[in-house]
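Residue-level listing of the chains:
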Amino acid sequence: MTKQARNQSQTGHNMAGANQMWGGRFSAGPAEIMERINASIDFDQRLYRQDIEGSKAHAAMLAAQGVIDAEDAAEITRGLDLVLAEIEEGRFSFDRALEDIHMNVEARLRALIGDPAGRLHTGRSRNDQVATDIRLWLREMIDGLDGAMADLQRALVDQAERWADAVMPGYTHLQTAQPVTFGHHLLAYVEMIGRDRGRFADCRKRLNESPLGAAALAGTSFPIDRHATARALGFDRPTANSMDSVASRDFALEFLAAGSIAAVHLSRLAEEIVIWASDRFRFVRLSDAFSTGSSIMPQKRNPDAAELVRGKAGRVIGAFNALAIMMKGLPMTYGKDMQEDKEPLFDAVDTLSLMVQATAGMTADLKPRPDVMRAALADGFPTATDLADWLVRALGTPFRDAHHITGQVVALAEQRGVDLADLSLNDLQGVDPRITDDVFSVLSVDASVASRTSFGGTAPDNVRQAARDARTRFGLG
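Below: a short report on this structure. (Residues numbered from 1 in each chain as written. Predicted model: local features only at pLDDT ≥ 70, side-chain atom pairs only at ≥ 80, totals over all residues. Heavy atoms only, no water.)

## Quick notes on the packing of helix H11 (residues 250-277) against helix H12 (residues 304-327)
- It is at 8 Å that the axes of H11 and H12 come closest, and there the two elements cross at 160°. In terms of axis orientation, H11 runs roughly antiparallel to H12. Between H11 and H12 lies a crossing whose hand is left-handed.
- When grouped by side-chain class, the residues that make up the contact of H11 with H12 number 19 nonpolar, 3 polar and 3 charged. (Axes fitted to C-alpha atoms, helices over the stretch in contact; angles between N-to-C directions. Helix = DSSP H or I, 4+ residues; strand = E, 2+ residues; numbered from the N terminus. Parallel < 35°, antiparallel > 145°, perpendicular 65-115°, else oblique. Left-handed = near helix turned anticlockwise from the far one by under 90°. Nonpolar A, V, L, I, M, F, W, Y, C, P; charged D, E, K, R; others polar.)

Structure, rendered in structure tokens:
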């Protein structure tokens, strides 16, 4: 062990004054309100595994570099394992006076193994330590979230295959537009969730650099090996600039930005489930597992799970706003403001995970009512575009003229109170005498969806193929 490192460890014997972390600089302790606002242990204790993992890698590296004795490193590792066991078994007492998870672990380590614990903090700072812990934790959360989102995609694909032939109204402006299949509608969300997974994967790649060893902001004079600790912790490389290492939280912002987009997608699907399950639509039914009742109206079946997913999107979006606003005015490098990164990040991860799992559960639970969806196609003239396309294809009519002719036909059907397919050939020829009997081959909803065979279209065979492709493309098995 170097003389410098030994001298640093000896100062630990003289830290009993005002605060054992701050040493001799302060002669009095903090005010009670200062302790309350300053402490983060109430929420950052969830980083305990990452903190201990990082400390073990750091101790091993210090020993390998000859900065501390191998015996001390072994004792530190043994002690950290004891601390880990105490926390996981619920026998650890977290102390707000020690501020955060780092000092709680270090203080307990010192109580267990004595002087060697004081050598652990050589060549690092709480600034790089917390940045490392958060990256380790968020990396793990992204991996878990990716699996949950794949489960949601799988539930959507399963339903899409099952209902590839079920016709329903497709909407624009929430007005009947064209017939689509229920399976095609669900596959739209498979694509959205797939892009969300891609954004999280990109975020994971960028955050997978190790700040450990950047120390407070300037690096360290000890001969540490940051590449070794990066490898030990599964990072791709160490961060390149010591100031950026401790000053940046853009990896958390990137996650929250991706999370906000994902939350919007989940909220949109939840909103559709609310609409579909309503008495006015009745397109789907949710079982008792994802419905609640009313305390006063016994007939009610409320889609509360979907409504809560829709509502919780605001919390995730709010977390991004909170962190962005907190970071926007900070000069280099670390400010205590940055302690406020954890609560919104933790809450957003928890909330998003719950949203994804609830949505997957609801999706698998959905019981479509194909007869009701088909009946809804009797309103809104959903095959009007098919008529316009037929005029172009069969008669060579310019599309803008076909659009005008179709509008006249729709107005006639609306006046008669019938669907387009219920008009007679004489009615149609009264608008355009070139129209023939063949037009009726395109005016049914089944013919309409069957004709949409362009790549990405709603034809049932397309839907089945798209579902198979999605299983392969997104690794859904």
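## Details of unusual backbone geometry
- Across the junction of methionine 332 and threonine 333, the peptide omega takes the value 0°, indicating a cis bond.
- Its place among the elements puts threonine 333 in the loop between H12 and helix H13 (342-365).
- Phi is positive for leucine 174, close to 60°, though the residue is something other than glycine.
- The topology assignment puts leucine 174 in the loop between strand S1 (167-172) and strand S2 (175-181).

## A few points about the packing of H11 against H13
- One can describe the packing of H11 onto H13 by two numbers: an axis separation of 10 Å at closest approach and a directional angle of 30°. By the angle class used here, H11 and H13 are roughly parallel. Pair H11 / H13 crosses with left-handed handedness. Touching Ala252, Phe255, Leu256, Gly259, Ala262, Ala263, Leu266, Leu269 and Ile273 of H11 are Leu345, Ala348, Val349, Leu352, Met355, Val356, Thr359, Met362 and Thr363, all from H13.
- Of the residues contributing to the contact of H11 with H13, the split by class is 15 nonpolar, 3 polar and no charged. (Contact = heavy atoms within 4.5 Å.)

## Quick notes on a nonpolar patch on the surface
- A cluster of nonpolar side chains, namely Ile33, Met34 and Ile37, defines an oily patch on the protein surface of about 310 Å² accessible area.
- What makes methionine 34 partly exposed here is its relative accessible area of 38%. (Patch = residues over 30% accessible without salt bridge, like charges linked within 9 Å, V, L, I, M, F, W, Y side chains within 5 Å. Areas by Shrake-Rupley, 256 points an atom, 1.4 Å probe, with all protein chains shown as cover. Salt bridge = Lys/Arg side-chain N within 4 Å of Asp/Glu carboxyl O. Buried < 20%, exposed > 50% of the residue type's maximum accessible area, 1.4 Å probe, protein only.)

## Topic: the side chain of serine 125
- Among the secondary structure elements, serine 125 is positioned in the loop between helix H6 (101-113) and helix H7 (126-162).
- On the accessibility criterion, serine 125 (12% relative accessible area) is buried.
- Look past the residues within four positions of serine 125 in its chain and what remains in contact with it is Ala215 and Ala216.

## Description of the packing of aromatic side chains
- According to the stated counting rule, one finds 6 aromatic pairs in the structure shown.
- For the ring pair phenylalanine 92 and phenylalanine 94, a centre distance of 4.8 Å and an interplane angle of 50° mean the geometry is tilted.
- The buried category is assigned to phenylalanine 92, whose relative accessible area is 11%.
- Using a relative accessible area of 27% as the deciding quantity, one classes phenylalanine 94 as partly exposed.
- With a centroid separation of 6.2 Å and an interplanar angle of 65°, the aromatic rings of tyrosine 171 and phenylalanine 281 are classed as edge-to-face. A residue pair is termed long-range when its members are at least 10 positions apart, and tyrosine 171 in strand S1 and phenylalanine 281 in the loop between H11 and strand S5 (284-285) qualify at 110 residues.
- Of the residues examined, tyrosine 171 reaches a relative accessible area of 26% and is grouped as partly exposed.
- Ring pairing ties together the aromatic residues Tyr171, Phe281 and Phe283, which thus form one cluster.
- In this arrangement the basic side chain of arginine 46 is found over the ring face of phenylalanine 346, its NZ or CZ atom lying 4.7 Å from the centre.
- The ring of phenylalanine 235 is capped by arginine 139, whose NZ or CZ atom sits 4.9 Å from the centre of that ring. (Phe/Tyr/Trp six-rings, centres within 6.5 Å; stacked < 30°, edge-to-face > 60°. Lys NZ or Arg CZ within 6 Å of the ring centre and 35° of its normal.)

## Things to note about H7
- The end-to-end C-alpha separation of H7 is 54 Å, in line with the 54 Å expected for 37 residues at 1.5 Å each.
- N-capping of H7 is provided by serine 125, with a side-chain oxygen placed 3.0 Å from the backbone N of asparagine 127. (Expected span 1.5 Å × (residues − 1). Polar contact = N/O pair within 3.5 Å; in protein donor to acceptor, adjacent residues only side chain to side chain.)

## Quick look at the nonpolar core
- Membership of the largest hydrophobic core comes to 96 residues, with the highest contact counts inside it found for Leu138, Phe182, Phe200, Phe255, Leu345 and Leu352.
- The element contributing the most residues to this core is H11, with 14 residues.
- If near-sequence neighbours (up to four positions away) are discounted, leucine 345 is found in contact with Ile134, Trp137, Leu138, Ala252, Phe255 and Leu256.
- Phe381, Leu387, Leu412 and Leu443 belong to the second largest nonpolar core, which has 19 residues in total. (Core = buried A, V, L, I, M, F, W, Y, C linked by side-chain atoms within 4.5 Å.)

## Some remarks on the pattern of salt bridges
- Tallying each qualifying case throughout the model produces 34 salt bridges.
- A salt bridge links arginine 301 to aspartate 288, with the nearest nitrogen and oxygen atoms 2.8 Å apart. Linking arginine 301 in the loop between S5 and H12 with aspartate 288 in the loop between S5 and H12, this pair joins segments that are 13 residues apart in sequence.

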